[in-house]
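So you can see what is in the structure, the chains are spelled out below.
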Amino acid sequence: MSYLAKPKVHHPSLKPNALGLTRRDYEGALSTLCAGCGHDSITAAIIHAFWELDIEPYKVAKLSGIGCSSKTPAYFLREAHGFNSVHGRMPSIATGAGAANRELIMIGVSGDGDSLSIGLGQLCHAIRRNVNLLYILENNGVYGLTKGQFSASADFGSTSKKGEVNEMTPIDGVTLALNLGATFVARSFSGDKEQLIPILQAGLQHNGFAFVEVISPCVTFNDHEGSTKSYSYTREHMIEVVEADFVPIRSEITTQYEPGSVKRVQMHDGGMVNLRKVAEDYDPTDRDKAYAYIRNCQSEGEVATGLLYIDENGKDMVEQNDVVDAALTNLPYSDLCPGSEALAKLQLRFR
Amino acid sequence: MNDRTNEFAFKIATANGTGSASANGLIMQAIFRMGVPVTGKNLFPSNIQGLPTWYEIRVSGKGYKARTPVFDLMVALNSATYEKDIQEVRSGGWLMYDSTWPMDDKLIRDDVTYIGVPFAELCNKAFGGVRERILMKNIAYAGALAALLNIDRDVIAELTQEKFSKKPALLESNQKAINLGFEYVKANFDVPLPIHLQKMDETKDCILIGGNASAALGCLYAGATVGAWYPITPATSLMESFKGFCQRYRVDPETKKNRFAILQAEDELSAIGMVIGASWAGARAFTPTSGPGISLMSEFLGLAYYAEVPAVVFDVQRTGPSTGMPTRTQQCDILICAHASHGDTKHICLYPADPKEAFEMAVAAFDLAERYQTPVLVLSDLDIGMNDWMVPKLTWDDSYRPDRGKVLGAKELDNIKTYGRYLDPDGDGIPQRTLPGVHPKGAYFTRGSGHNKMGAYTEDADEYQEVVDRIARKVQGAKNAVPAPFIKRTKGATMGIVSIGGCHEACLEALDELKAEGLPFDYMRVRGFPFSDEVKEFLEEHEMNFVVEQNRDGQLRSLLALETEVPLTKLGSVRYYAGFPMSAHHVVSGIRPHIGVPA
Ligand SMILES: Cc1ncc(C[n+]2csc(CCOP(=O)(O)OP(=O)(O)O)c2C)c(N)n1
Ligand code: SF4
Ligand SMILES: [Mg+2]
């Protein structure tokens, strides 16, 4: 029922931001995802992140591919243009839109199938181009929308709902992004809003491609024993927030922070996921150390979360292309057309 | 043989990558500057170095520009293809070859005059270094041709001056090589040949340009700011030209920053995605490609059609299927471009016949794409795109303003109650667009999934159908906005010839030939799709129509039958699809058997 807009009733208890807007103003249509889907939690975090950053919704462009995760841009920022494109190809839409209008604040939402299977190529190249975009990969280890096939992020040895065992090694978005030279790499958990919101905010403010993988359990197809991307059954077992205050941010982001700890999160079905907080001496500006740290966690069976790598000095796509400071869409035609005289003169070369 | 002054053709056979391209260009340009109409066709291999390559030059004071399959003179400089090349000379014609090495007796034809010039020997004496010797050998033949054909030496001198004005060493060696060839021929043969040039005044209002360069100029003048592409022959030079023009005309004089963005994508899927993203955001954006790229772009083209996002695609056609012959020409994408993507889709297509039309249609493509909020495909081909054509000078009307179509800006949105993306406020099937980042009331969700007229997701039968029916009406409405067909009538004609794009010159020449035989035909060249009513009327008016095109399956004929409902029995088919540009001969000999005249 996503075409039913929610009634826009203002709650007196809802706090307005600097623009006088409440979180309600950052919502979208009603979600049609399964109750309890991790993707909905991420949507809520996105709403909060935009609201808290005082971003005017209409200045945002929200883009996605195809999948349950890719449906979610309909569920936030109703006053922003959205583009639900084709499966795995959102990065190219973002690339074109960002080249045309560098003033757009772009957020892209994708799934593990959308990003790591059909869309792997486009993801890699958007990272290389450093397109100025917050890119959220909502990772549930399966194709939700087509009912539970393994995706490329399914862990080796994990089992599907039907009991099949995955014999292939996974593609890890985070180490991939690091390898490709991404200028912002983070990972979080859909249930960990306190960690996720500051990361999203940092990503929105990053100049360039901000890659954020969010582990986001699929309650319908990947929340059983043998799955490595299932839910924690109790919020108390969720990981604590991670510090993100080295990112240039306009508004203060308050965080509680417990460095260096590993949280073992118990799932519905008794399965475990290990989440490691970045350590106190962790240096997110050193790509090699970040890579070594994440790999080390992996070999211990842990999943490193937090803001893992950041480089604020990289040139984004439009800077690489030396594009004028104004949005190309705002240039007057007189700045674009050389006119008849120039054409006549040019044609002397064609004789 | 009657007087062949300014009415002949010759062909130069060399190996790829040996520098012959600059000599061939020089000869062609020199003839053009003598005021004599000239056409050049480069028949090159899909290879960087070593494979055989040919350049055909047709000189026609009468102004015929189609390829001719009959050659008066062959410049045979590639021993690997001697045997074949010698067969292509007409009886009574000439053959020039490098006589440094003797010609095999088996290759001697009695009805051809052999002109042996020891190019290698001359150049080995005059130049040092292997590379220079090879390169200069290919310049020397230009000099030899100048003597044989009476090409004005002053014009050649002027051209080499212009070309090498900044490289004095090269200028000197080029001039030396030209003189070597010229003097040798003059001293040893009776020149000029009966086929030769005489100054005319027929080219002063013309230019020599390829369709890729002119289409790129069209993009520049139309105000395109975003170009995305993945390299593919024969479309590559379109984006390379655009880049060159942008660097010249689109750099902010103060900041030195670019008023354009050219994105080399990782593939065509991405290239068209970038174009759609940029167009959606409000830029004029385009991508040049060829058949394999169209195949990859199909899914996205369906999205742009259904979500109503403008996009401009240039399909510089080459032979298919699959990789086909990448450096050979064809018109084999007519059907796929008209309907690219799954689902019910129909795309506006434009069919330029030469570089001048490629320029004009490039501009038209952006206007149509924005006015109708849909992809527009411009179908040229390798022959139009990559060969230099003599066409009238391009002109520009400074009062032109881009037709951005129905785009609601901040002011309009301020005054609007509720905005619905896919409504039909004017009854023409064309909805109102908004751009991201402009106004909160303009927001809508662009999607390729089922949507209703407000842009919201739907699975409701009526809501779905309402939108797709309107889109069909909208695109069909473009039939009167695409370029009208070119029609040429001949007195007494009861039958018609119908063609498309690069067949045009061959058809015009064929019309003259047929008329001279007492066989008058009317002629129509379609220039845009959906077809206008005029197209249907022309077909209905004639008892028989011969559809001339360059593909195996008669794609234009099928599309005409499908769209106009004119019975296939009224549509004869003339096809040439071997990969070279079409000649009048293909048209005439294709039609004759159908009308009881031997081919
Ligand atoms: C070209 C194409 N192939 C297949 C599909 C079918 N399809 C839709 S969503 C999807 C997988 C989505 O998985 P993911 O990106 O992980 O999203 P999730 O639903 O898990 O959030 C597939 C295969 C499609 N829409 N398009
Ligand atoms: S199928 Fe899984 S991913 Fe899709 S909505 Fe349901 S829980 Fe979420
Ligand atoms: Mg998934």
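Criteria and cut-off values
- Residues numbered from 1 in each chain as written.
- Chains lettered and ligands numbered in written order.
- Predicted model: local features only at pLDDT ≥ 70, side-chain atom pairs only at ≥ 80, totals over all residues.
- Heavy atoms only, no water.
- Contact = heavy atoms within 4.5 Å.
- Buried area = accessible area lost by both parts, 1.4 Å probe.
- Salt bridge = Lys/Arg side-chain N within 4 Å of Asp/Glu carboxyl O.
- Polar contact = N/O pair within 3.5 Å; in protein donor to acceptor, adjacent residues only side chain to side chain.
- Helix = DSSP H or I, 4+ residues; strand = E, 2+ residues; numbered from the N terminus.
- Nonpolar A, V, L, I, M, F, W, Y, C, P; charged D, E, K, R; others polar.
- Pairing = 2+ DSSP bridges.
- Axes fitted to C-alpha atoms, helices over the stretch in contact; angles between N-to-C directions.
- Near = heavy atom within 4 Å.
- Donors = N, O, S within 2.8 Å, 3.2 Å for Na, K, Ca; no water.
- Buried < 20%, exposed > 50% of the residue type's maximum accessible area, 1.4 Å probe, protein only.
- pLDDT = per-residue confidence, 0-100.

(A) Representation of the interface of chain B and chain A. Contact with chain B, which involves 72 residues of that partner, is made by 56 residues of chain A. Roughly 5,300 Å² is buried in total at the junction of chain B and chain A, and carbon and sulfur atoms are behind 64% of that figure. The interface formed by chain B and chain A contains three salt bridges. Residue Asp325 of chain A is joined to Lys257 of chain B by a salt bridge in which the shortest nitrogen-to-oxygen separation is 2.8 Å. Summed over the shared surface of chain B and chain A, the number is 25 residue pairs in polar contact (both at pLDDT 80 or more). Looking at the side of chain B that touches chain A, the elements that each hand over two or more residues are helix H1 (20-33), strand E7 (206-209), helix H7 (211-222), helix H8 (236-249), strand E9 (261-264), helix H9 (268-281), helix H10 (291-307) and strand E15 (445-447) of chain B. Counted by class, the side of chain B that touches chain A contains 41 nonpolar, 18 polar and 13 charged residues.

(B) Region of interest: the sheet that holds strand E16 (residues 486-488) of chain B. Residues and elements named next belong to chain B. Taken in spatial order, the five strands of this open sheet run E16-E18-E17-E20-E21, and their pairing is mixed. Edge strands, defined here as strands with exactly one partner in the open sheet, are E16 and strand E21 (571-575). Strand after strand, the sheet turns through a mean of 20° between neighbouring axes, direction not considered. Pairing of strand E17 (residues 495-500) with strand E20 (residues 544-549) involves four bridges; the strand directions are parallel.

(C) Examining the site of ligand 2 more closely. In the region of ligand 2, the neighbouring residues are Leu33, Cys34, Cys37, His39, Cys68, Asn140, Cys218, Val219, Thr220 and Phe221 of chain A. Counted by class, the shell around ligand 2 contains seven nonpolar, three polar and no charged residues.

(D) Looking closely at the coordination of the magnesium ion (ligand 3). Residue and element names in this part refer to chain A. On the protein side, the magnesium ion (ligand 3) has Asp112 (OD), Asn140 (OD1) and Val142 (O) as donor atoms, found 2.1 Å from it. Here the donor residues of the magnesium ion (ligand 3) are spaced in sequence according to D-x27-N-x1-V. You can see Asp112 sitting in helix H4 (residues 112-117) and its partner Asn140 sitting in the loop between strand E4 (133-139) and strand E5 (142-143), a full 28 residues away along the chain. With respect to burial, Asp112 and Asn140 carry one shared label: buried.

(E) Spatial organisation of helix H3 (residues 90-100) of chain A. Counting buried positions along H3 of chain A gives 11 out of 11 residues, so the element sits mostly inside the fold. Residues Met90, Pro91, Ser92, Ile93, Ala94, Thr95, Gly96, Ala97, Gly98, Ala99 and Ala100 of chain A constitute the buried set of H3 of chain A.

(F) Inspection of the confidence of the model for chain A at higher detail. Residue and element names in this part refer to chain A. Averaged over every residue, the pLDDT of chain A is 85; residues scoring 70 or more account for 81%. Scored below 50 in pLDDT, residues 232-257 shows 70 contacts in the model against residues more than four places distant or in partner chains. Note that residues 263-275 has pLDDT below 50 and, in this model, 46 contacts with residues that lie over four places away or in other chains.

(G) Geometry of the sheet that holds strand E4 (residues 71-76) of chain B. Residue and element names in this part refer to chain B. Read across the sheet, six strands follow the order E2-E3-E1-E4-E5-E6 without closing on themselves; strand pairing throughout is mixed. Single-partner strands in this sheet number two, and they are strand E2 (38-43) and strand E6 (113-117). Averaged over neighbouring strand pairs, the angle between their axes works out to 15° when direction is ignored. Pairing between strand E1 (residues 7-15) and E4: four bridges, direction parallel. By the bridge assignment for E4, Ala13 is matched with Ala76.

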